[in-house]
Amino acid sequence: MKRTLLLCFLLGSFFYARGQSYFGYRDDNFAGIQGLLFNPSAIVESKYKAEIIISSVSATGQNDLYGVNFIRVLDGGYSLENDANKHFKADNKGNFNIDVLGPSFMIEIAPKHSVALFSRVRSVTNFVGINGELVDQVNKDIEESDSFLIAGGNPNAVTNSWAEIGASYATVLLDRDMHFIKGGITFKYLMAGVNGYVNGRDINVVFNKNETIPALSEYYSSGTIKTAASYDYQNGEDAKFDAASAGVGIDLGLTYEYRTNCHNCAGNRYKFRVAASVTDIGKLNYKNVVENTYNLTGNVTQDDIDNADDIFDFFDSNYTKIASAKGVKANLPTMAHTNFDWNINNMFYLNLSSDFGLVDAKKVNATALPNSVTFTPRYEVRQFSFYLPVTWIEYSGTQVGVGFRAGPLFIGSGTFVSNFVSNDSKALNLYAELKIPILH
């Protein structure tokens, strides 16, 4: 397993992860169900009489340790260790999430009432408190390493994946002259997928290199660490969704529009729109999660690491287990969203949206997403939209993207422009959808 095992031990990156985004497109008046994922009130008085989603996917990865030149990555042979820009901190962070929307539909059941039903698979991996210099040292081939003493601190890594079926209802609450208010709610049934975490406390690592026999080089460590997984890894079980472990979630949203345009004119009636919502209130109950706590005081050789079958076998064989428990609850990545959309005229818009996490990412088994603020100029007509989102993301800084909607298809990226003009990109985002829109 080479030195990857120790890296996993410090980062928790041995878990495969997935989760959510759609920068720019979600603010489009033709976003439909994509809009309701961030604010359930979006589906009422929308542009659609009905909408059927065939499939959509969004993937986002970001960090503040490695800056990458994506042009060189596409050429092949790119190495994080040798070619990437490195930004070492005592508290480096990263996040990876994928959001897959399956068959879904919405329909206007009356002029002021709409409902939706959607299926979705999500997963979020987040890690904080990672000492970047330690990651860099562990990533090196042992022949290139030097002895070191580094304080690992309090690393925390979590992955959480789940499937959900959501039912949404939205209605008009006020429609009076220039003032319009609508509200919505979504209830979600959650089926647990894979949950796992690594949480360290007061970790220190010393590496003494054996120049004569590198395999006998030793790692001395101190501190404690919790490891957990929602499947029986000790008996060779593979990660899988667990129908016996479930949960419920809820989203709430309101939208206000200041309307100055006439009823019969083309385009949208509002001059500006203000919206606020809270999403992913709820928890998953993982009944089969096994959590072990280890005292890391001791030493291991490089040979011990290379010969371990997996990370859990490595801990069991080399460190003292001081506690064990079964069954945990994992929170959803609860977030507060705000949105301001200014209709400059019937085709051009400026949008400012924000997403703020309400979960402390440093807590044990805390599923969290980073904060972000997005400014998006947008061109929007009935069959086509084009947008240029500029997003500040907590872990990776400012990113510039691009995207478009053309009838039943949308494709975009929150980072595309940055990825191809910067040699120090710290994020990558892509998304696409195919749907059947039934317009008014």
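The present account deals with the structure reproduced in this document. For every chain, the first residue of the written sequence is number 1, and numbering continues from 1 onward in sequence order. Whole-chain, interface and lining totals are the exception, using all residues; otherwise, since this is a predicted model, local features are given only for residues with pLDDT of at least 70 and side-chain atom pairs are given and counted only at 80 or more. Excluding hydrogens and water, the side-chain values take into account all heavy atoms of the structure.

**Quick notes on the overall build of the chain**
And step 1. Each helix is a run of DSSP H or I of at least 4 residues and each strand a run of E of at least 2, with the numbering of both proceeding from the N terminus. The helix and strand tally for the chain stands at 8 helices and 23 strands.
And step 2. Computed over its C-alpha atoms, the radius of gyration of the chain comes to 24 Å, within 12% of the 22 Å expected for a compact globule of 440 residues.
And step 3. With the C-alpha coordinates aligned to their principal axes, the bounding extent of the chain is approximately 85 × 45 × 30 Å.
And step 4. When a residue's accessible area, from a 1.4 Å probe over protein chains only, is under 20% of the maximum for its type it is buried; when over 50% it is exposed; and in between it is partly exposed. In the chain, which comprises 440 residues, the share counted as buried stands at 51%.
And step 5. Within the chain, contacts between residues separated by at least 24 positions form 73% of all contacts whose residues are at least 6 apart in sequence.
And step 6. Only the protein chains shown count as cover for residues, with accessible areas throughout obtained via the Shrake-Rupley method and a probe of 1.4 Å. As displayed, the chain has an accessible area near 18,200 Å², and 60% of this comes from carbon and sulfur atoms.
And step 7. Residues scored as positive are Lys and Arg, those scored as negative are Asp and Glu, and His as well as the terminal groups of each chain are ignored. Positions of charges follow a simple convention, taking NZ of Lys, CZ of Arg, CG of Asp or CD of Glu. Put simply, the chain has 37 plus and 45 minus side-chain charges, and the middle of one group is 11 Å from the middle of the other. Radius of gyration here uses only the C-alpha atoms, and the compact-globule reference equals 2.2 Å multiplied by the residue count raised to the power 0.38. Residue contacts are counted whenever heavy atoms from the two residues lie within 4.5 Å of one another.

**Some points on the packing of aromatic side chains**
And step 1. Two aromatic rings, drawn from Phe, Tyr or Trp (for Trp, its six-membered ring), form a pair once their centres lie within 6.5 Å of each other, and the interplanar angle then sorts them: stacked below 30 degrees, edge-to-face above 60, tilted otherwise. This structure, assessed with the given rule, holds 17 aromatic pairs.
And step 2. Judged by centre distance (5.5 Å) and plane angle (35°), the ring pair of Phe 148 and Phe 207 falls under tilted. Taken together, the residues span a long stretch of sequence, with Phe 148 in strand β7 (residues 148-153) and Phe 207 in strand β9 (residues 179-208) at a distance of 59 residues.
And step 3. Classification of Phe 207 as buried rests on a relative accessible area of 0%.
And step 4. Between Phe 315 and Tyr 319 the ring centres are 6.1 Å apart and the planes differ by 50°, which places this aromatic pair in the tilted class.
And step 5. Since its relative accessible area comes to 1%, Phe 315 is described here as buried.
And step 6. Taken together, the ring pairs in this structure connect Tyr 25, Tyr 387, Phe 410 and Tyr 431 into an aromatic cluster.
And step 7. We count a charge as sitting over a ring when the NZ of a lysine or the CZ of an arginine lies within 6 Å of the ring centre and within 35 degrees of the ring normal. Here the guanidinium or amino end of Arg 26 rests over the ring plane of Phe 38, the centre of that ring lying 4.2 Å away.
And step 8. Here Arg 378 stacks its cationic end above the ring of Tyr 349, 4.4 Å away from the centre of that ring.

**A word on helix α5 (residues 132-139)**
And step 1. Counting buried residues along α5, 6 of its 8 residues qualify, which places the element largely inside the surrounding structure.
And step 2. Among the residues making up α5, those that are buried are Gly 132, Leu 134, Val 135, Asp 136, Gln 137 and Val 138.
And step 3. N-capping of α5 is provided by Asn 131, with a side-chain oxygen placed 3.1 Å from the backbone N of Glu 133. Polar contacts, as counted here, are pairs of nitrogen or oxygen atoms within 3.5 Å of one another; within protein the pair requires one atom able to donate a hydrogen and one able to accept it, and residues that are adjacent in sequence qualify only if both atoms are side-chain atoms.

**Concerning the nonpolar core**
Proteins that are soluble and globular tend to have nonpolar side chains buried together.
And step 1. Within this scheme, the nonpolar core is defined by two criteria: the residues are buried Ala, Val, Leu, Ile, Met, Phe, Trp, Tyr or Cys, and they are joined through side-chain atoms within 4.5 Å. Formed by 24 residues in total, the largest nonpolar core has its most connected members in Ile 225, Leu 296, Phe 314, Phe 315 and Tyr 319.
And step 2. Mapped onto this core, the elements with two or more residues apiece are α5, β7, β9, β10 (218-229) and α7 (311-318).
And step 3. Per-element accounting of this core gives the leading share, 5 residues, to β9.
And step 4. One finds Leu 37, Phe 38, Tyr 48 and Met 106 within the second-largest nonpolar core, a separate group that totals 22 residues.

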